[in-house]
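Tertiary structure, described
For reference, the chains in residue letters:
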Amino acid sequence: MVQAEPYRIKMVEPLHMTTREERERAIRDAGYNTFLLRSKDCYIDLLTDSGTSAMSDAQWSAMMLGDEAYAGARSFDNLWHAVEECYGFPYTCPTHQGRGAEHLISQILITPGQHVPGNMYFTTTRAHQELVGGTFHDVIIDEAHDPAAIHPFKGNVDIAKLEALIDEVGADQIAYVNVALTVNMAGGQPVSLANIRAVREVCDRHHIILWSDATRLAENAYFIQQREEGYAHKSCAEIAKEMLSHFDGLTMSGKKDCLVNIGGFLAMRDEQILVKARELVVVYEGMPTYGGLAGRDLEAMAVGLREALDDDYLAHRIGQVRYLGERLVEAGIPVVQPIGGHAVFLDARAFLPHVPQEELPAQSLAAEIFVESGVRAMERGIVSSGRNKAGEHNMPKLELVRLTIPRRVYTNAHMDVVADAVIAVWRRRESIRGLRFVYEPPTLRFFTSRFEPLPASPLPVAEGSREDHALAH
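Residues numbered from 1 in each chain as written. Predicted model: local features only at pLDDT ≥ 70, side-chain atom pairs only at ≥ 80, totals over all residues. Heavy atoms only, no water.

**Considerations on the nonpolar core**
Counting 74 residues, the largest nonpolar core has Y87, M243 and F265 as its most contacted members. L328, F351, A366 and V418 belong to the second largest nonpolar core, which has 32 residues in total. (Core = buried A, V, L, I, M, F, W, Y, C linked by side-chain atoms within 4.5 Å. Buried < 20%, exposed > 50% of the residue type's maximum accessible area, 1.4 Å probe, protein only.)

**Focus: the confidence of the model for the chain**
Predicted confidence across the chain gives a mean pLDDT of 94, with 96% of residues reaching 70 or more. Between residues 461–473, whose pLDDT stays under 50, and residues either more than four places distant or in other chains, the model counts 2 contacts. (pLDDT = per-residue confidence, 0-100. Contact = heavy atoms within 4.5 Å.)

**Some words on the sheet that holds strand 11 (residues 378–380)**
Working definition: the strands of a sheet are paired by backbone hydrogen bonds and lie parallel or antiparallel to each other. With respect to topology, 3 strands assemble into an open sheet ordered 9-12-11, the strand pairing being antiparallel. Edge positions in the sheet fall to strand 9 (343–347) and strand 11, since each of these pairs with one other strand and no more. When strand polarity is set aside, the average angle formed by the axes of neighbouring strands in this sheet is 35°. Bridge count for strand 9 against strand 12 (residues 400–404) is 5 bridges, and the pairing is antiparallel. In the strand pairing of strand 12, D347 is matched with L400. Of the strands in this sheet, strand 9 and strand 12 are in contact with helix 12 (residues 311–330), which crosses strand 9 at around 25°. (Pairing = 2+ DSSP bridges. Helix = DSSP H or I, 4+ residues; strand = E, 2+ residues; numbered from the N terminus. Axes fitted to C-alpha atoms, helices over the stretch in contact; angles between N-to-C directions.)

**With respect to the environment of L305**
Positionally, L305 belongs in helix 11 (residues 295–307). For the pair L305 and V83, spaced 222 residues apart in the sequence, the C-alpha separation amounts to 8.0 Å. Setting aside residues no more than four positions away along its own chain, L305 makes contact with L79, A82, V83, C86, Y87, D257 and C258.

**Points about the environment of P288**
Assignment of secondary structure puts P288 in the loop between helix 10 (271–284) and helix 11. Discounting residues that sit within four places of it in the chain, P288 has contacts with F76, P94, R278, V281 and V282.

As structure tokens, this is what we get:
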């Protein structure tokens, strides 16, 4: 049976298709960085699922009830109760978005020189950890670094790697263990509940805090329901609460699995961490009861985090991502397997084997997809990975282009357009050249860097035509 959208459309936004000439000019003006394109030039925008979801009628209605009091707003109480009900944490501190929460918890938990193991880095999370003097360590299972590997839970922590790091640096030098649900940079891959319990056991034995980047926790819960033995009969809401029961706290970007356009929060069990968060939030974000958000934003987030745990919604949301991924796989296009929760990730190394990683194949491929179709994707490879302390490029094993599906925004007909565009680029892939930096900021460079195409390699000249070739020039 076809999985139809579990909603009706009540409002539409017109889309405009540009010409190829217009798109070529737009990508040049943007320095071949899809982040610097103007929204109006993008026909189907798959840059990110962060803050790009469509809100429900219940969320829009709740926004009209927002309490805009500077302190003590009832809208904060509504969010606090929703977090406690759905996630099981007694304390909540709102922030303007997930990045604000990452900033606060890094300052609270990390002492300069300490180490933070996690199941693969995320760009902004690692940046905040490093800015306060921490060192990130990747302890994800090896399968996560292989796009073609088939594993139901490629986001799992490798317990042996985690134990080895603790033995090497000492438990007192581990600021906390950070487990992402799901793992974005690995291709939206989930973590099993069995693995979460195993990590919890290690942390308990060594008296280490266990934290979660829970930005896409609802999608992780769905994968557990579908793939992990013993959970098929449980609702995603029940699984999510069980998942989170093993963590001491979480950072949340409400712009993903809370289905809002702005907002985030910290949630925790330790009142001392809450006190420190409130001390910092007034410096960087706002009062502890609004954290840089309007009351209407808090109301929408409280409703959205409940909606995101609905089984029918999740089946359609992840089914739509899978639909796009399967169309590409059928065409022979290399993508990260299994298909993840929020995006389809193209394996740029396999797509453009003639473009070495130093020539930024994923960045080049994202630009080519835009020129082909007006579909905006984003790079997740060497550009996103940044540089190490010695100033050298980090060289990630994964060089990916992310086709990120906003929630409740596009139909499968749009996914067909995306698939056709990628297939068209695939057919002319041998003509695609790499890029080089012309501007690079020191931190989170993928947002604002600018590039230019590398010159084409000179064509070989046949022996008998050297004289003619010289005369022609």
